[in-house]
Amino acid sequence: MPVTDTSSALDLCRFIDSSPSPYHAVQEAALRLTAAGFTELDQDGAVPAPGRHLIRSGGALIAWADEGRSPDAPLRIVGAHTDSPNLRLKPLPDRSGAGCRQVGVEVYGGALLNSWLDRDLGFSGRLVVRNGAGTRVVLVRDDRPVARIPQLAVHLDRGVNDKGLVLNPQVHLSPVLGPGTAQDGDFAALVASAAGVDPGDVLAFDVMFHDLTPSRLVGLEEDMVSAPRIDNLLSCHAGTEALVAAAEGHGPVPVLALFDHEEVGSVSSTGAAGPLLERILRHFVGLDGRPTGDSIVFSVDGAHATHPNYPERHDPEHRILLDGGPVLKFNARERYATDAVGAGIVRLAAERAGVQIQSFVSRSDMACGSTIGPATAAVLGIRTVDLGVAQLAMHSARELCGSADPARLRDLLVVLLA
Ligand code: ZN
């Protein structure tokens, strides 16, 4: 395997481990972009001279490079999402059960609930704290193994291996923090102490759990990436790297749009179905003066590799190989936005980038997932293509993909943004 492929996969592992929450993913992308000469703007601020710019809004980030470009150059937009299914703290989380301190959680997105059992969990997110007469936002992260959701012993659940594991999210998913009795305010105090702020100043929080096992290369040849949140931090990582490379060019205007809330339907102020991207492009990038027909959105998100233990769940003519190259995603009901014109553009770019392309479609008798692609296409009215890297165990707390594909996706996006 070429050295560059491994280094990209290892860099992806670092990106993922730096990003346990959408807010941290935005922070990590912003750090990398700032190091590459991007400056951060306020979304309500004045329009600066053309250059390299980024705007953050909660778990979303929009960045672009318009220096040296014509005001009527088309847009090349890479979209991805920063959020992943997980377990999020309730506003009054403290509870006790059978002599254990526990916290109450909600399930965020379509998580594989079983994958959260018997893992050592830390927490991360953001706090809103008192700041004089106003408030400020503080990121928080605690990588100590403070919580664990123990599975019921097999002796007390004899049918579990034949009938399957049924988990009620209200009853069976409360993490245990230790023996004892919880007091109201315990968890808020823990979060405040992790953030280094006075517990009395914490007004509210958006906090979630993450598995503490580090991301790593696995397999006989170390040719797979084992990590949480591959869906969709892999695409955020590749998009960030591609924007940095494309910023040097002089043709179309490359844009990176990292949205929050894809896993719960994208309808929010920082989701792809909201006006965030359109408003920023209109205000800062002169959206109305740019050609719609020549502009294009690449909606980059995880794709399902054909599972070797469940090949019947996949269309037999559209086998998707792990580490077999980026995947174009098609769906006749527009759950993916790809059309033939967009697919042609990607195939041509893939030839120039020297990467193989795979084509995904669901079995006709199975429902299809979706992405930010259709939402973005509907808001902007710009042709959109759905593509991404093949993975297994999508929405598990621990996902799996090939170790050469991240670099291939980045190389393809670099050509597509040019
Ligand atoms: Zn996704």
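Rules behind the numbers
Residues numbered from 1 in each chain as written. Predicted model: local features only at pLDDT ≥ 70, side-chain atom pairs only at ≥ 80, totals over all residues. Heavy atoms only, no water. Pairing = 2+ DSSP bridges. Helix = DSSP H or I, 4+ residues; strand = E, 2+ residues; numbered from the N terminus. Contact = heavy atoms within 4.5 Å. Axes fitted to C-alpha atoms, helices over the stretch in contact; angles between N-to-C directions. Expected span 1.5 Å × (residues − 1). Buried < 20%, exposed > 50% of the residue type's maximum accessible area, 1.4 Å probe, protein only. Phe/Tyr/Trp six-rings, centres within 6.5 Å; stacked < 30°, edge-to-face > 60°. Domains from an automatic or database assignment. Buried area = accessible area lost by both parts, 1.4 Å probe. Salt bridge = Lys/Arg side-chain N within 4 Å of Asp/Glu carboxyl O. Polar contact = N/O pair within 3.5 Å; in protein donor to acceptor, adjacent residues only side chain to side chain.

Enquirer: What exactly am I supposed to notice about the sheet that holds strand E15 (residues 303-304) here?
Expert: An order of E11-E12-E20-E19-E15 is seen for the 5 strands of this open sheet, with the pairing classed as mixed. If you trace the sheet from one side to the other, it starts and ends with strand E11 (216-218) and E15, each paired once. Examined bridge by bridge, strand E19 (residues 390-392) and strand E20 (residues 399-402) share 2 bridges and lie antiparallel to one another. Bridge pairing in E20 places Gln391 opposite Cys401. Along the sheet face, helix H5 (residues 230-246) touches strand E12 (224-227), E19 and E20 and points at about 40° away from the line of E20.

Enquirer: Can you walk me through helix H2 (residues 22-35) in this structure?
Expert: An α-helix turns once per 3.6 residues; consequently, residues spaced three or four apart project the same way. Over its 14 residues, H2 runs 20 Å from end to end, which matches the ideal 20 Å to within 8%, given 1.5 Å per residue. Summarising burial for H2: 10 of the 14 residues are buried, a large majority. For H2, the full list of buried residues reads Pro22, Tyr23, His24, Ala25, Val26, Glu28, Ala29, Ala30, Arg32 and Leu33. Positive backbone phi, approximately 95°, marks Gly37, located one or two places after H2.

Enquirer: Sorry, what's going on with the packing of aromatic side chains here?
Expert: The description of an aromatic ring pair uses the distance of the two centres, along with the angle that the planes make with each other. For the structure on display, the rule yields 4 aromatic pairs. A ring pair is formed by Trp64 and Phe284, whose centres lie 5.7 Å apart and whose planes are at 40°; its orientation type is tilted. Here Trp64, found in strand E3 (residues 60-65), pairs with Phe284, found in helix H6 (residues 276-284); they are 220 residues apart in sequence, far enough to count as distant. Accessibility expressed as a relative area gives 5% for Phe284, which makes it buried. With centroids separated by 6.3 Å and ring planes inclined at 65°, the aromatic side chains of Phe187 and Phe209 adopt a geometry described as edge-to-face. Separated by 22 residues along the polypeptide, Phe187 in helix H4 (residues 186-195) and Phe209 in strand E10 (residues 202-211) bring together distant segments of the chain. An aromatic cluster is present here, built from Phe123, Phe187 and Phe209 joined pairwise through their rings.

Enquirer: Explain the sheet that holds E3 to me, please; I cannot follow it from the model alone.
Expert: Backbone hydrogen bonds hold the strands of a sheet together, and the pairing may be parallel or antiparallel. The sheet built from 9 strands is open, its strands ordered E1-E2-E3-E13-E4-E14-E18-E16-E17 with mixed pairing. Only two strands of the sheet have a single neighbouring strand rather than two, namely strand E1 (39-40) and strand E17 (358-360). By the bridge criterion, 4 bridges tie strand E14 (residues 296-300) to strand E18 (residues 384-388) in an arrangement that is parallel. If you follow Val300 over to E18, its bridge partner there is Leu387.

Enquirer: For this particular structure, what's the right way to read the domain arrangement of the protein chain?
Expert: When its domains are assigned, the protein chain resolves into domain 1 (7-84 + 228-417) and domain 2 (86-211). The interface of domain 1 with domain 2 comprises 23 residues on the first partner and 20 residues on the second. For the pair domain 1 and domain 2, the two sides together bury roughly 1600 Å², of which 57% comes from carbon and sulfur. Broken down residue by residue, the surface that domain 1 buries against domain 2 is led by Pro20, Tyr23 and Ala397, which jointly contribute 35%. The tally of links from domain 1 across to domain 2 stands at 0 salt bridges. Scanning the region where domain 1 abuts domain 2 turns up 7 residue pairs in polar contact (both at pLDDT 80 or more).

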